Amino acid sequence: MRRRTSGVLIVTAVAATVAAAIITDPVSVQAVDAPACTVGYQVDQWSNGFVAQVKVTNNSDPVDGWTLTWTFAGDQHVTSGWSADLSQSGKVVTARNQAFNRGIATGASVQFGFQATFQGTNDTPADFALNGVRCNDTNPPTTTTTTTTTTTTTTPQLPPAGCPTGAFCDGFENQTGTTPAGDWSLVFPNCQGSGTATVDSSTAHSGTKSVRINGRAGYCNHVFLATSKGTGGSGLYTRFYVRHTTALPEAHVTFAAMKDTADGGKDLRMGGQNRALQWNRESDDATLPEQSPAGVAQSTPLPVNQWTCVEFGITGSELRTWVNGNEVPGLRADGVSTPDVDAQWLRRSGWRPALSDFRLGWESYGNGDDTLWFDDVVMAASRVGCS
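Keep in mind that what you see is a predicted model, and the values were worked out from it rather than measured.

Basis of the calculations
Residues numbered from 1 in each chain as written. Predicted model: local features only at pLDDT ≥ 70, side-chain atom pairs only at ≥ 80, totals over all residues. Heavy atoms only, no water. Helix = DSSP H or I, 4+ residues; strand = E, 2+ residues; numbered from the N terminus. Buried < 20%, exposed > 50% of the residue type's maximum accessible area, 1.4 Å probe, protein only. Contact = heavy atoms within 4.5 Å. Areas by Shrake-Rupley, 256 points an atom, 1.4 Å probe, with all protein chains shown as cover. Disulfide = S-S within 2.5 Å. Core = buried A, V, L, I, M, F, W, Y, C linked by side-chain atoms within 4.5 Å. Phe/Tyr/Trp six-rings, centres within 6.5 Å; stacked < 30°, edge-to-face > 60°. Salt bridge = Lys/Arg side-chain N within 4 Å of Asp/Glu carboxyl O. Pairing = 2+ DSSP bridges.

K.L.:
I tried to follow the overall build of the protein chain on my own but got confused; where do I start?
P.N.:
Along the backbone of the protein chain there are two helices and 28 strands. Out of the 387 residues belonging to the protein chain, those deemed buried represent 45%. Partitioning the contacts of the protein chain with sequence separation of at least 6, the portion at a separation of at least 24 is 68%. Accessible surface computed for the protein chain: about 17,600 Å², of which carbon and sulfur atoms make up 49%.

K.L.:
I tried to follow the state of the cysteines on my own but got confused; where do I start?
P.N.:
Scanning the model with the defined rule gives four disulfides in all. Residue pairing for Cys37: its cysteine sulfur links by disulfide to Cys135, the two sulfurs lying 2.0 Å apart. Its torsion about the S-S bond being -100°, the disulfide of Cys37 and Cys135 is classed as left-handed. Of this pair, Cys37 sits in strand β1 (residues 37–46) while Cys135 sits in the loop between β11 (133–134) and β12 (145–146), and the two are 98 residues apart along the sequence.

K.L.:
What should I look at first to understand the nonpolar core in this one?
P.N.:
Nonpolar side chains in soluble globular proteins tend to end up buried together. Counting 42 residues, the largest nonpolar core has Ile213, Phe240, Phe255, Trp279, Trp345 and Phe358 as the members making the most contacts within it. Not counting residues up to four positions away in its chain, the partners in contact with Phe255 are Phe224, Phe240, Met270, Gly271, Leu277, Leu302, Arg359, Leu360, Gly361, Leu372 and Phe374. Judged by nonpolar contacts, the second largest core, of 25 residues, contains Val39, Val43, Phe114 and Cys135.

K.L.:
Please explain the packing of aromatic side chains as it appears in this structure.
P.N.:
The geometry of an aromatic ring pair is captured by two quantities: the separation of the ring centres and the angle between the planes. Per the counting criterion, the structure on display carries 19 aromatic pairs. Between Trp70 and Phe112, the ring centres sit 6.4 Å apart and the planes meet at 25°, which makes this aromatic pair stacked. Taken together, the residues Trp70 in strand β4 (residues 67–71) and Phe112 in strand β9 (residues 109–119) connect sequence positions 42 residues apart. Ring plane angle 85° and centroid distance 5.1 Å describe the contact between Trp279 and Phe312, whose orientation is recorded as edge-to-face. With Trp279 in strand β22 (residues 276–281) and Phe312 in strand β24 (residues 308–315), this pair connects stretches of sequence that are 33 residues apart. The pair Trp279 / Phe312 is uniform in exposure class, with both members buried.

K.L.:
What exactly am I supposed to notice about the pattern of salt bridges here?
P.N.:
Side chains carrying opposite charge are able to pair once their charged atoms draw close together. Counting across every chain of the model gives 13 salt bridges. Among the ionic pairs, Arg275 bridges to Glu250, the shortest N-O distance being 2.9 Å. Of this pair, Arg275 sits in the loop between β21 (266–273) and β22 while Glu250 sits in the loop between β19 (235–244) and β20 (253–260); the two residues are 25 residues apart in sequence, bridging distant segments of the chain. Glu250 gets classed as partly exposed once you look at its relative accessible area, which sits at 43%. Its salt-bridge partner being Arg359, residue Asp267 comes within 2.6 Å of it at the nearest N-O pair. One end of the pair, Asp267, is in strand β21; the other, Arg359, is in strand β27 (residues 358–364), with 92 residues separating them in the sequence. In this structure Asp267 comes out as buried when scored by relative accessible area, which is 12%. Bridged by salt links that share partners, the residues Asp263, Arg281, Asp284 and Arg348 form one connected network.

K.L.:
Just checking my understanding: could you explain unusual backbone geometry for this structure?
P.N.:
Negative phi characterises most residues that are not glycine, and trans characterises most peptide bonds. Between Leu288 and Pro289 the backbone carries a cis peptide bond, its omega angle lying at 0°. When you line up the elements, Pro289 lands in the loop between β23 (286–288) and α2 (293–296). Even without a glycine there, the phi angle at Asp340 is positive, about 70°. Structurally, Asp340 can be placed in the loop between β26 (326–327) and β27.

K.L.:
Where do I start with the sheet that holds strand β6 (residues 85–89) in this structure?
P.N.:
Either a parallel or an antiparallel arrangement is found when strands of a sheet pair, and the pairing is made through backbone hydrogen bonds. Ordered in space as β6-β7-β4-β10-β11, the five strands form an open sheet in which the pairing is antiparallel. Taken across any chain shown, the strands that pair with only one partner, and hence form the sheet edges, are β6 and β11. Looking at chain direction, strand β10 (residues 129–130) and β11 are connected through two bridges and run antiparallel. Across the sheet, the residue bridging to Ala129 is Arg134, located in β11.

What follows is the structure in structure tokens.
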């Protein structure tokens, strides 16, 4: 790394021009169009290397624990950082708070920095997102229709679109506080740590609300919201939308679980392992697919920073799974043993789950936090599909 002399970086005239061009600050906008968060990104660079100072300002509700993500446009690679824990996967960079700066009040800012290398151009990232919410983007003003005597407002749709007769459907629009209530209750299996579940009015798949899970690494940080609605009967088809900020890790994690009264009250769990979606049976730790390279290749990652439609159907002993409307072959147990997929799952004969609840949340058995949002849950006797 080249060092400064008398506080001025030693570069050629052309490089100095490039460095000046990539110093960015948030654009001032009118208050009604203020973005939920703004990110200032200031760079000092030299041949094939640079240092970046990042300032994150929270213009929305107070934040307790934050994750900032962005995507490099070129061949940039973070080598070290300070005041944040940074990781990089391909072009995507994730910066997480440290213990001393986890809170950002409304209108307050945090700063961190990093050093990196680059080849070719070193363009400023354009997709900063704080806890999954896009920064530096303005929201259109709210439109209200009025007459001389009345004001017309739009009421969020409740229940979610595509709710069939007799199904349990919830888009969390009827939640009145920040703690999930009504048909849902907070549960902390085994022990309670620092994981949290709250109703979020800043991010939603439809309407204005979702449930946000601050998922923490480590066994004791399990947190779920649970309901007994919609379970029972001879078949269960479930659909929900999920958005999260960190790619599924190598270690085993769970974000959906159901108590199986036909399996000693143990859980049937949906989550990830080896960076792909998986099912896990708590009683014998069987997985679907098998955790071989050929098995994992028949599953799929869970996309980050976007809403994803996840569906599963359980009828008798058959288990099927769809992501964004497409069936995932590695997440199907159909009674016919398929090597690397359900051969391990079917070693137990007579598996026929009887599910008594449904939970959304987070539990981790290794390293790595994640922030997740869930919305538009439907549980029905037949497949609903993605609306």
